[in-house]
Amino acid sequence: MPDGILGNPGNLVEPDQVHKACYTDDDIFEQELDKIFHKSWIYIGHETQVPKVGDYWTTWVGRERMILCRGEDGVHVLYNRCPHRGAMLCQGLNGNAGKTFRCPYHAWTYNLDGSLFRIPVEEGYDGTAFDPKDPRFSMKPAEQMGIYRGFVFAKLSEGGPDLDTWLGRGARAAFDDICNRSPEGEVEIVQNCFRVIQHSNWKIFLENQLDALHPSITHHSTGEAAAEMQKVYKQRTGEDPPIGYQFLADFTLPYEKWDSLSTYGHPYGHTVLGGYMGLRPRDPITVSHEEALTKAYGAERMDEILSTNVHHVLVYPCLSVQPPLQQLRAVRPLAADKTLTEIWHFRLKGAPEGIYERSLAYYYHVNSPSTMVNADDLQNFNACHEGLRLGGGGDWVSFHRNAGQDPVENGVTTSVTGMSEQPMRNMFAAWKEYMSAGS
Amino acid sequence: MARDKKDKKAKKPKAKAKNHRANRRANGLDTQRAVEQFLYNQAEILDERRWDDWLGLFTKDGKYWMPPREDQETGEGMPNIFYEDLFLMDMRVRRVEHPYAHSQKPKNKMSHVIGNVVIESEDRKTGDVVARSKFHVVEFRNDNQRYFAGKYRHHLKKTKDGYKIRLQRVDIVSAEGPFDYVLQYWL
Ligand code: FES
Ligand SMILES: [Fe+2]
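Read on for an overview of the structure.

Cut-offs used in this document
- Residues numbered from 1 in each chain as written.
- Chains lettered and ligands numbered in written order.
- Predicted model: local features only at pLDDT ≥ 70, side-chain atom pairs only at ≥ 80, totals over all residues.
- Heavy atoms only, no water.
- Helix = DSSP H or I, 4+ residues; strand = E, 2+ residues; numbered from the N terminus.
- Pairing = 2+ DSSP bridges.
- Buried < 20%, exposed > 50% of the residue type's maximum accessible area, 1.4 Å probe, protein only.
- Expected span 1.5 Å × (residues − 1).
- Donors = N, O, S within 2.8 Å, 3.2 Å for Na, K, Ca; no water.
- Axes fitted to C-alpha atoms, helices over the stretch in contact; angles between N-to-C directions.
- Parallel < 35°, antiparallel > 145°, perpendicular 65-115°, else oblique.
- Contact = heavy atoms within 4.5 Å.
- Nonpolar A, V, L, I, M, F, W, Y, C, P; charged D, E, K, R; others polar.
- Core = buried A, V, L, I, M, F, W, Y, C linked by side-chain atoms within 4.5 Å.
- Buried area = accessible area lost by both parts, 1.4 Å probe.
- Salt bridge = Lys/Arg side-chain N within 4 Å of Asp/Glu carboxyl O.

1. Concerning the environment of S288 of chain A
Link 1 in the chain: Note on placement: S288 of chain A falls in helix α9 (residues 284-297).
Link 2 in the chain: C-alpha of S288 of chain A to C-alpha of F346 of chain A: the two residues are 58 residues apart in sequence and 19 Å apart in space.

This is the structure in structure tokens:
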């Protein structure tokens with residue numbers, strides 16, 4: 001490792017390569033939590049996740065455990081910690097707290113906005129410095145909370161750009177694209193969170209989401225199995241196979257096809273991969289979706305909405321969104337070599353049921369715990385992480401593909417080819433900025 | 001089969017009630033034994049990765065279903081951990097055996113233990129059975145051992161070739177917990 005490199009993590013990142021310590025070093029990981037995950041907006045959940053007063057879900061922001069809940073006055077994001085002696089207030093994944101959060105240890109209770117409601121035998125505090133109005137005796141809300149089209153974000157520090165500015169048009173496009181596909185302009189989350197643990201660094205996952213070089217290699221077996229089954233299905237039933245097979249058979253596309261995609265690098269590390277799924281066939285479901293959107297918005301706007309073909313949007317550092325399929329994966333780094341993903345999908349309000357079924361099929365085949373796709377991805381992520389841990393084989397990770405060729409326009413970097421490693425370079429440029437700030 | 005015929009004949013005589021009772025008890029034990037043997041056989045097929053035999057265990061419209069919650073009543077139109085017909089199972093087999101299935105190098109191995117087999121119901125006319133049982137599975141892959149446990153509920157159709165699975169519901173106790181890596185095939 002270069003001398004003093006950990007003192008200034010910016011030195012770990014060069015324009016076309018990064019040092020392996022970015023992925024494997026425990027001290028770098030702790031700095032990432034402080035400087036990236038506690039200093040940027042982090043996705044918490046969707047408003048419809050907590051439809052009723054008292055509903056809550058728990059999640060992670062950096063090393064903090066947070067609660068998303070609904071009070072009479074809307075949603076709140078609170079630290080999951082009792083101000084009395086520090087017990088975690090909500091132990092499970094989700095539930096309904098009723099009118100108050102009640103600590104299981106000594107029964108201090110809190111309103112759904114976190115403010116202290118009642119303490120048993122309160123006389124004990126007479127004549128002490130305890131003050132029920134003092135915020136330090138209430139559950140602490142996240143320093144900042146923001147909502148964009150129903151998607152709730154929180155930031156565990158003061159200052160910096162507001163959510164809209166920080167998302168910018170690159171990341172806002174992810175949520176606009178999902179919501180616009182609904183004739184009502186809104187989505188509703190499906191109350192099911194698949195949680196999958198990856199034994200690898202969180203950045204390896206994000207890099208993979210926009211890696212158009214890997215699918216035909218990593219997913220070769222799944223692509224061929226699906227393409228074979230499409231034929232078998234047709235032969236045996238005389239009918240067209242369900243769309244799920246096509247999601248997987250797409251992995252057999254040749255390199256040229258992947259290379260024809262585009263990637264876009266936006267400020268703050270948000271990165272977009274232009275789509276390839278060809279989700280606008282002339283089947284009855286798509287046609288009825290077109291009709292519903294035309295009725296709501298007119299033919300021209302419908303066409304504009306459905307021609308938006310984005311495969312992945314990365315909201316750096318916390319989220320991978322697939323808008324045309326209405327799903328997202330939130331990234332919760334638990335250790336340098338351990339990453340939790342929280343995987344959700346959405347219903348488009350007012351859209352035909354078949355559109356939901358398409359989303360559900362993708363959720364099953366690509367994102368469920370029985371996925372034949374991530375089976376090989378996660379294996380590769382782990383192989384990368386284990387390789388990067390090694391000492392003697394080399395110190396650097398190469399992002400040289402099409403390096404130095406990325407055109408920049410209005411602060412947005414594009415790529416000359418779909419398989420360019422521009423997305424990785426873009427994310428690391430943001431990483432370097434976050435990690436160098438205030439050091 | 002032979003016993004089926006005997007049952008029908010046994011219905012004719014007048015001393016019906018008495019015989020009937022005895023037959024039912026005998027049938028109960030035979031069904032218990034037959035279902036247990038079926039479940040042991042299924043477990044062995046999976047442990048030995050005999051995929052053709054696995055696909056042969058199901059009826060043409062048979063399904064393997066692992067819901068994400070115990071209170072979920074259908075697999076249709078809902079998120080599932082597994083919900084597969086013969087076509088999807090066939091695809092999974094093709095992938096697992098594909099030379100470029102990276103996560104099958106090395107292959108995973110499983111060991112099943114099945115117990116607490118309870119016959120919930122047996123259709124007198126068809127011989128179809130609903131049975132529940134418990135399983136413990138150890139899976140070994142890449143120097144790593146994982147444990148799974150849970151409950152099976154088999155809807156079995158009686159055919160001339162023995163039982164076939166119409167629906168196998170699998171509730172793992174850890175269904176709502178985080179998955180450490182994924183499940184490459186069925187438990
Ligand atoms: S720790 Fe919560 S009431 Fe005491
Ligand atoms: Fe992949």
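Picking up after the structure, the text goes on.
2. A look at the pairing of strand β6 (residues 162-172) of chain B
Residue and element names in this part refer to chain B.
Link 1 in the chain: As paired elements, strand β1 (residues 58-66) and β6 share four bridges and run parallel to each other. Looking across to β6, one finds that W65 is bridged to R169.
Link 2 in the chain: As defined by bridge partners, strand β5 (residues 144-159) adjoins β6 across ten bridges and the pair is classed as antiparallel. Of the residues in β6, the one forming a bridge with G150 is I172.
Link 3 in the chain: Between β5 and β6, which follow one another and run antiparallel, lie two residues.

3. With respect to the environment of L29 of chain B
Link 1 in the chain: Residue position: L29 of chain B is located in helix α2 (residues 16-47).
Link 2 in the chain: For L29 of chain B, a relative accessible area of 60% puts it in the exposed group.

4. A look at helix α3 (residues 163-180) of chain A
Link 1 in the chain: For α3 of chain A, built from 18 residues, the straight-helix expectation of 26 Å at 1.5 Å per residue is missed by more than 12%, its first-to-last C-alpha distance being only 20 Å.
Link 2 in the chain: Judged by how many residues are buried, α3 of chain A sits mostly within the fold: 13 of 18 residues are covered.

5. Quick look at the coordination of the iron ion (ligand 2)
Residue and element names in this part refer to chain A.
Link 1 in the chain: Around the iron ion (ligand 2), the donor atoms from the protein are H214 (NE2), H219 (NE2), D377 (OD) and D377 (OD), and they sit 2.1 to 2.3 Å away.
Link 2 in the chain: Read from N- to C-terminus, the donor residues coordinating the iron ion (ligand 2) fall into the pattern H-x4-H-x157-D. With H219 in the loop between α5 (215-218) and α6 (220-237) and D377 in helix α12 (residues 374-389), this pair connects stretches of sequence that are 158 residues apart. There is no split in this pair, since H219 and D377 are both buried.

6. Topic: the packing of helix α4 (residues 202-209) of chain A against helix α13 (residues 422-436) of chain A
Residue and element names in this part refer to chain A.
Link 1 in the chain: Running from N to C, α4 and α13 cross one another at 140°; their axes reach a closest spacing of 9 Å. If you check the angle between α4 and α13, you find them oblique. Residues W202, K203, L206 and E207 of α4 lie in contact with α13, whose contacting residues are M424, M427, F428 and W431.
Link 2 in the chain: Its residues assigned to classes, the contact of α4 with α13 comprises six nonpolar, no polar and two charged.

7. Some points on the nonpolar core
The nonpolar side chains of a soluble globular protein tend to be buried, and buried together.
Link 1 in the chain: Judged by nonpolar contacts, the single largest core of 128 residues is most densely connected at F151, F153, L319 and W431 of chain A together with W54, Y64 and W186 of chain B.
Link 2 in the chain: The element best represented in this core is α3 of chain A, accounting for eight residues.
Link 3 in the chain: For Y64 of chain B, the contacting residues outside a window of four places in its chain are W54, F58, F82, Y83, E84, M89, Q168, V170, W186 and L187 of chain B.
Link 4 in the chain: Counting residues in each nonpolar core, the second largest holds 19 residues, with F247 and Y362 of chain A together with F87 and M91 of chain B among its members.

8. Quick notes on the sheet that holds strand β4 (residues 129-141) of chain B
Residue and element names in this part refer to chain B.
Link 1 in the chain: Ordered by their spatial adjacency, six strands build an open sheet running β2-β1-β6-β5-β4-β3, and the pairing between neighbours is mixed. Edge positions in the sheet fall to β2 (82-84) and β3 (109-122), since each has one partner strand and no second. Across the sheet, the mean angle from the axis of one strand to that of its neighbour is 20°, orientation sign disregarded.
Link 2 in the chain: Where β1 lies against β2, three bridges are found, and the strand directions are antiparallel. Pairing of M66 across the sheet is with F82, part of β2.
Link 3 in the chain: Packing of helix α4 (residues 86-96) onto the sheet brings it into contact with β1 and β2, and relative to β1 it is tilted by some 70°.

9. Considering the sheet that holds strand β10 (residues 116-118) of chain A
Whenever strands of a sheet pair, they do so through backbone hydrogen bonds, lying parallel or antiparallel.
All names here are of chain A.
Link 1 in the chain: With antiparallel pairing, the three strands of this open sheet are ordered in space as β8-β9-β10. Single-partner strands in this sheet number two, and they are β8 (100-102) and β10. Between one strand axis and the next, the sheet turns by 35° as a mean value, whatever way the strands run.

10. A short note on the interface of chain B and chain A
Link 1 in the chain: With 34 residues of chain B at the contact, the number on the chain A side is 39 residues.
Link 2 in the chain: Both sides together, the interface formed by chain B and chain A hides about 3,100 Å², and carbon and sulfur atoms give 62% of it.
Link 3 in the chain: The interface formed by chain B and chain A holds two salt bridges in total.
Link 4 in the chain: Across the pair R95 of chain B and D376 of chain A runs a salt bridge, and its minimum N-O distance is 2.9 Å.
Link 5 in the chain: Here the element with the most residues in the side of chain B that touches chain A is α4 of chain B; it accounts for seven residues.
Link 6 in the chain: Its residues placed into classes, the side of chain B that touches chain A shows 16 nonpolar, eight polar and ten charged.
Link 7 in the chain: Note: strand β14 (residues 194-198) of chain A against strand β7 (residues 179-180) of chain B, two bridges, orientation parallel. Across the sheet, the residue bridging to I197 of chain A is D180 of chain B, located in β7 of chain B.

11. Observations regarding the pairing of strand β20 (residues 338-348) of chain A
All names here are of chain A.
Link 1 in the chain: In terms of residue burial, β20 counts as a mostly covered element, since nine of its eleven residues are buried.
Link 2 in the chain: As paired elements, strand β13 (residues 187-189) and β20 share three bridges and run antiparallel to each other. Bridging across to β20, V187 finds its partner in L348.
Link 3 in the chain: Inspection of the sheet shows β14 paired to β20 by five bridges, in the antiparallel sense. Bridging from a neighbouring strand, I197 pairs with L340 of β20.
Link 4 in the chain: Hairpin connection of strand β19 (residues 327-335) to β20: two residues between the antiparallel strands.

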